[in-house]
Amino acid sequence: MSTELPEWVPADIDLQRPNAARVYDYLLGGACNFEVDRRFAHKLLETAPESEAILRHNRAFLGRAVRFCVEQGVRQFLDLGSGIPTVGNVHEIAQRGAPGCRVVYVDNEPIAVAHSELMLEHDENTGVVLADLLDVDTVLGSEPVRQLIDFSRPVAVILAAVLHFVPDEAGPHAAVARYVEAMAPGSFLVLSHGADTGQERYRTVRRMYDQSSTPAAVRTREQIEAFLTGTELVEPGLVWTTHWRPELAIRPAPEPEVIYAGVGRKPGVR
Ligand SMILES: C[S@@+](CC[C@H](N)C(=O)[O-])C[C@H]1O[C@@H](n2cnc3c(N)ncnc32)[C@H](O)[C@@H]1O
C-alpha cells in the first residue's frame, strides 16, 4: 500500500504524518496502513514493547463490553472513534449475541470511514459517519444515526481508546455529557482511555504522538472517570482493561498497564 494506492483511499489523505487509526490497525495486524504508520509503530514498540499487548487488551475489553451490553438488552450501538475495521468489530460481536443489532460507526479519519463503508455496504443494520465526535449535532443529526438509532430506547455509546486523542481545549467532557444527555435511561457508556502513569517512556510515546496527525492527551484517573458523569459505573468500576470482567486468561497482562476501562449505566426506569 506504500507505493500503489488502492482506489478506495481518499485523495486528500495525509500521508506525511502517521495517524493513530492506521498505527493501531498495523499493530493489530491489519493492512490499512502506510509506510509512515509502520515506521511509527516500530518506533513505538522500541520505546514501549508492551504497546501491542496494551492495544489488544483494549480491543478485547471492547468485545466484552459489547457482549455485556447485549446481555443487558441493548440492541443499538453508537461507536465513536470506531477506527479501521479489524478482528472483532462491534456489529459482528453484537449481532452474534442478538441478530438484528444496529450499529453506527463514527470516525474522523477518512481511511477508517472508507474501509468501514466498503465492509458494510450490504449490511442494512449498520451505518458509517465521517465526523468529529466533538461535533455532536452533526453526529446525532446524521442520516445513519437518525435511521438506525432510536434514542428513546437504551443505546450503548462507545468511546474506546479515542478520547486520549482529544485535547481538553476541544471540550471532550462537554461533548460526552451531551451524548449522555441524549441517551435513554438504561443506556450504557462504554469507555477506555489512556492514563498518565508518570512513566518516562510514556512521556516519550506522548512526544512521538505529538508529531503525528493525532497528538495524545492522556489524563489522570479522576479526569477519565469524569467522562462517566451522569452514569453509574457497573462492576468492577473503572479499572485496567485486563481487570474489566476478564473471561479468559490467554495472555499475561502488559506491564505497565496504561488504559483504564469502565462501563456506566444511565440510571432511571426504561
Ligand atoms: C486507537 S483507535 C481506537 C479504535 C477503536 N475504538 C478501538 O478501541 O478498537 C482511535 C480512533 O479514534 C479516531 N478519532 C480520534 N479523534 C477523533 C475525533 N475527534 N472524532 C472521531 N474519531 C476520532 C481515530 O481516527 C481512530 O480511528
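See the structure shown above.
Computed from a predicted model, the values in this text were never measured in an experiment.

Caption draft 1: Structural detail: the packing of aromatic side chains. In this structure the tally under the stated criterion is 6 aromatic pairs. Measuring from ring centre to ring centre gives 5.7 Å for Phe68 and Trp244, while their planes differ by 90°; the resulting arrangement is edge-to-face. Of this pair, Phe68 sits in helix H3 (residues 51-71) while Trp244 sits in the loop between strand S7 (239-240) and strand S8 (259-265), and the two are 176 residues apart along the sequence. In this structure Trp244 comes out as buried when scored by relative accessible area, which is 0%. An aromatic cluster is built from Phe61, Phe68, Phe188 and Trp244, whose rings are joined through pairwise contacts. Positioned above the aromatic ring of Tyr260 is the side chain of Arg221, whose terminal nitrogen or guanidinium carbon lies 5.4 Å from the ring centre. Across the ring face of Trp244, the terminal group of Arg245 is positioned such that the distance to the ring centre comes to 5.3 Å.

Caption draft 2: Looking closely at the pattern of salt bridges. By the definition in use, this model includes 13 salt bridges. A salt bridge links Arg22 to Asp37, with the shortest nitrogen-to-oxygen separation between them at 2.8 Å. Of this pair, Arg22 sits in helix H1 (residues 20-27) while Asp37 sits in helix H2 (residues 35-47), and the two are 15 residues apart along the sequence. The shortest N-O distance in the salt bridge between Arg206 and Asp196 comes to 3.7 Å. Here Asp196 lies in the loop between strand S5 (188-194) and helix H9 (200-210) and Arg206 lies in helix H9, a separation of 10 residues in the sequence. Where salt bridges share partners, they join Arg22, Asp37 and Glu109 into one cluster.

Rules behind the numbers
- Residues numbered from 1 in each chain as written.
- Predicted model: local features only at pLDDT ≥ 70, side-chain atom pairs only at ≥ 80, totals over all residues.
- Heavy atoms only, no water.
- Phe/Tyr/Trp six-rings, centres within 6.5 Å; stacked < 30°, edge-to-face > 60°.
- Helix = DSSP H or I, 4+ residues; strand = E, 2+ residues; numbered from the N terminus.
- Buried < 20%, exposed > 50% of the residue type's maximum accessible area, 1.4 Å probe, protein only.
- Lys NZ or Arg CZ within 6 Å of the ring centre and 35° of its normal.
- Salt bridge = Lys/Arg side-chain N within 4 Å of Asp/Glu carboxyl O.

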